[in-house]
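Chain and residue survey
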Amino acid sequence: MLLRHTPDTIVEREALTIQPAKTCQPVGAMYAALGVHGCLPHSHGSQGCCAYHRSSLTRHYKEPVMAATSSFTEGSSVFGGQANLLEAISNMFTIYNPDVIAIHTTCLSETIGDDIPQIVAKAKDEGRVPEGKYIIKANTPSYIGSHVVGFGNMVKGIAEGFATKQKKGNYINIIPGYVEPSDMGEVKRIVKSMGVDAVVFPDTDGVLNGPQTGHFDMYPRGGTTISNLKRIGGAKATLALGPIASGPAAKVLDTSFGVPCELLKLPIGLGATDDFVNALRALGGVVSDELELERGQLVDILTDMQQYFNDKKVALIGDPDHLVSLTQFLTDIGFKVRHVVTGTPGKKFVKRIMEAAGTEDINVREASDYFHMHQLIKNEKVDLIMGNSYAKYMSRDMDIPLVRIGFPIYDRIGHQYFPILGYRGGMRLIERILNVLMDYQDKTAPEEKFELIM
Ligand code: SF4
């Protein structure tokens, strides 16, 4: 009943978003910065912005998220935030002693037009940046893009901040995309099992899925180290997983530092993981017995359970890199992907989804919202919805099972610890999809069709 006012008739809108399918750029920028060891993210704007970014991440990861803010007041909103940022840089290095400060802008500081490179240069001139410490930066105006775009901008900031032109070594860079800490861990495990030396950045594994140790660590054990980040300009190649989140940094390394890049889909599902493994093979990796076993197990599950997926209609809402790989995976195993909506703008999205689905007979919309998705489902009902926690309202209203995936997930746990990337991740994803479909079947089946076995 919560969504009882959503009408069936779809009216085209341009100047109105209802229930956005995205969060703001600095949320993604803050998440990316946390993937650098010893880094303190800094939000150049008002305290309210920073509180929102931190709480979004804390509610999703169930971990404390440390970040600082320039604490804009009326004065800084009118005259600019240079004085606040200079003082903040001194305070942060003095009080919290980070190795790196990662500054991102907000709507307010972007609208004022604060020149972050100039302010950082001034801070260095004035001796506010101690020897051996670093400041990286990204412009993240939130009236364009989304959290995924903000993530990509900060990863680009990391590349620009640490890469140098150097002699090429026998190792590669991997940019894992805007994925869970567990997924970044899975990428590292696959790469290691194939014997490839890789710098994975950013890396929130061990930062936002750490253990309870009984004491508070301002800078947890995980994160890409500075010594590794200093190597990225000398890699022989970069694999960028997910072009929206990882493409900008990979392209900077390619054009400015001579590190050739390959843009791949996020390795979600069999085909996209095969592509990732093949790219690693081309760079000298060897498929391990362990990986071969996992692939075989995934194929076995897909074969055994195929009849439960075949021709089931599904609606997907979330972030573009995830949605492309999911569309391909679900189509490959027999689902009919009917509606795909992302809040992130990007004209290529529609084409990418149609290619992944192998058809133009699919409702796809970029820069759209939950309201639109709800209307699509009202016009053509589906058997399954996949999306973040906000999709639970549609799921309840339409009595359609939901698999939570993407960001944010506020009302469930597990995403931090159990990956959905790679062959093992594919198995977990299939298990989750199958479980919600079977639970729904058990709940709604008439007495005479209620079976003990599947
Ligand atoms: S004002 Fe802009 S940067 Fe701040 S929380 Fe809102 S959308 Fe994000």
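Small disclaimer: the values here were computed from a predicted structure and weren't measured.

**Digging into helix H13 (residues 320-332)**
- Look at H13: 18 Å from first C-alpha to last across 13 residues, which is about the 18 Å you get at 1.5 Å a residue.
- In terms of burial, H13 is largely enclosed, as 11 of its 13 residues are buried.

**Here's the deal with the site of the ligand**
- With respect to spatial proximity, the complete set of residues near the ligand consists of Cys24, Pro26, Gly45, Cys49, Tyr52, Thr106, Cys107 and Ser142.
- Within the shell around the ligand, the residues separate by chemical class into five nonpolar, three polar and no charged.

**Structural notes on the sheet that holds strand S10 (residues 336-342)**
- The strand order S11-S10-S9-S12-S13 describes an open sheet built from five strands, whose pairing is parallel. The open sheet has two edge strands, strand S11 (363-365) and strand S13 (402-404), and neither has a second partner. The mean angle between the axes of side-by-side strands here comes to 15°, regardless of whether they run parallel or antiparallel.
- Pairing between strand S9 (residues 313-318) and S10: six bridges, direction parallel. By the bridge assignment for S10, Gly318 is matched with Thr342.
- Lying on the sheet, helix H17 (residues 422-444) is in contact with strand S12 (384-387) and S13; it crosses S13 at an angle near 150°.

**Regarding the pairing of strand S3 (residues 100-105)**
- With respect to burial, S3 is a largely interior element, six of its six residues being buried.
- Relative to S3, strand S1 (residues 39-44) is paired through six bridges, and the arrangement is parallel. Bridge pairing in S3 links Cys39 to Val100.
- Note that S3 and strand S4 (residues 134-138) share five bridges and pair parallel. Its bridge partner lying in S4, Ile103 is registered against Lys137.

**Looking at the domain arrangement of the chain**
- Assigned domains within the chain: domain 1 (25-162), domain 2 (172-210 + 218-285) and domain 3 (290-449).
- A straight line from the C-alpha centre of domain 1 to that of domain 3 covers 34 Å.
- The interface is formed by 10 residues belonging to domain 1 together with 11 residues belonging to domain 3.
- Elements represented by at least two residues in the side of domain 1 that touches domain 3 include exactly helix H2 (47-61) and helix H7 (147-162).
- In terms of residue count, the dominant contributor to the side of domain 1 that touches domain 3 is H2 (four residues).

**Points about the sheet that holds strand S2 (residues 68-69)**
- Across the sheet, four strands lie side by side as S2-S1-S3-S4; this open sheet has parallel pairing. The strands lining the two open edges of the sheet, one partner per strand, are S2 and S4.
- Against the sheet, helix H6 (residues 116-125) touches S1, S3 and S4, its axis set at about 170° to S4.

**Concerning the packing of helix H1 (residues 25-33) against H2**
- Their axes nearest at 9 Å, the elements H1 and H2 cross at an angle of 60°. Overall, the two elements H1 and H2 adopt an arrangement that is oblique. The handedness of the crossing between H1 and H2 comes out as right-handed. Of the residues in H2, those touching H1 at Pro26, Val27, Met30 and Tyr31 are Cys49, His53, Ser56 and Leu57.
- A class-by-class count of the residues in the contact of H1 with H2 yields six nonpolar, two polar and no charged.

**Here's the deal with unusual backbone geometry**
- Between Phe201 and Pro202 the backbone carries a cis peptide bond, its omega angle lying at -10°.
- Following the sequence through the fold, Pro202 ends up in the loop between strand S6 (198-200) and helix H9 (226-229).
- The residue after Phe407, namely Pro408, is reached through a cis peptide bond having omega 0°.
- Positive phi, normally seen in glycine, also occurs at Asp311, with a value near 70°.
- Mapped onto the secondary structure, Asp311 falls in the loop between helix H12 (289-309) and S9.
- Looking at Asp311, the number of C-beta atoms within 10 Å reads 9, which means it is exposed.

**Digging into the pairing of S9**
- Buried residues dominate S9, accounting for five of its six residues.
- In this view, the connection linking S9 to its parallel neighbour S10 by way of H13 has right-handed handedness.
- Sheet topology places S9 next to S12; three bridges connect them, and they run parallel. Counted as the bridge partner of Leu316 is Met386 from S12.

Rules used in this analysis
- Numbers given to residues run from 1 along each chain, matching the order in which its sequence is written.
- Local features are withheld for residues below a pLDDT of 70 in this predicted model, meaning they are given only at 70 or higher, and side-chain atom pairs are given and counted only at 80 or more; totals for whole chains, interfaces and linings count all residues.
- Counting from the N terminus, the helices are DSSP H or I runs at least four residues long and the strands are E runs at least two residues long.
- To estimate how far a helix should reach, multiply one less than its number of residues by 1.5 Å.
- Three classes are used. A residue is buried when 20 or more other C-beta atoms lie within 10 Å of its own, exposed when 12 or fewer do, and partly exposed in between, with C-beta atoms placed from the backbone.
- Each residue receives a C-beta atom placed from its backbone. It is near a molecule or strand if this atom lies within 6 Å of it.
- All residues other than Ala, Val, Leu, Ile, Met, Phe, Trp, Tyr, Cys, Pro, Asp, Glu, Lys and Arg, Gly among them, are scored as polar; the first ten of these are nonpolar and the last four charged.
- Any two strands with at least two DSSP-identified bridges between them are counted as paired.
- To obtain each axis, a line is fitted to C-alpha atoms, and for helices this fit is confined to the stretch in contact; angles are then taken between N-to-C directions over 0 to 180 degrees.
- Placing C-beta atoms from the backbone, we regard two residues as in contact once those atoms come within 7 Å.
- Where each domain begins and ends follows an automated or database-derived domain assignment.
- With respect to orientation, any angle under 35 degrees is reported as roughly parallel, any angle over 145 as roughly antiparallel, any angle of 65 to 115 as roughly perpendicular, and every other angle as oblique.
- The sense of a crossing depends on the near helix, which, turned anticlockwise from the far helix by less than a right angle, makes the crossing left-handed and, turned clockwise, makes it right-handed.
- Looking down the strands as they point away from the viewer, one classifies a crossover as right-handed if the path from the first strand across the helix to the second runs clockwise.

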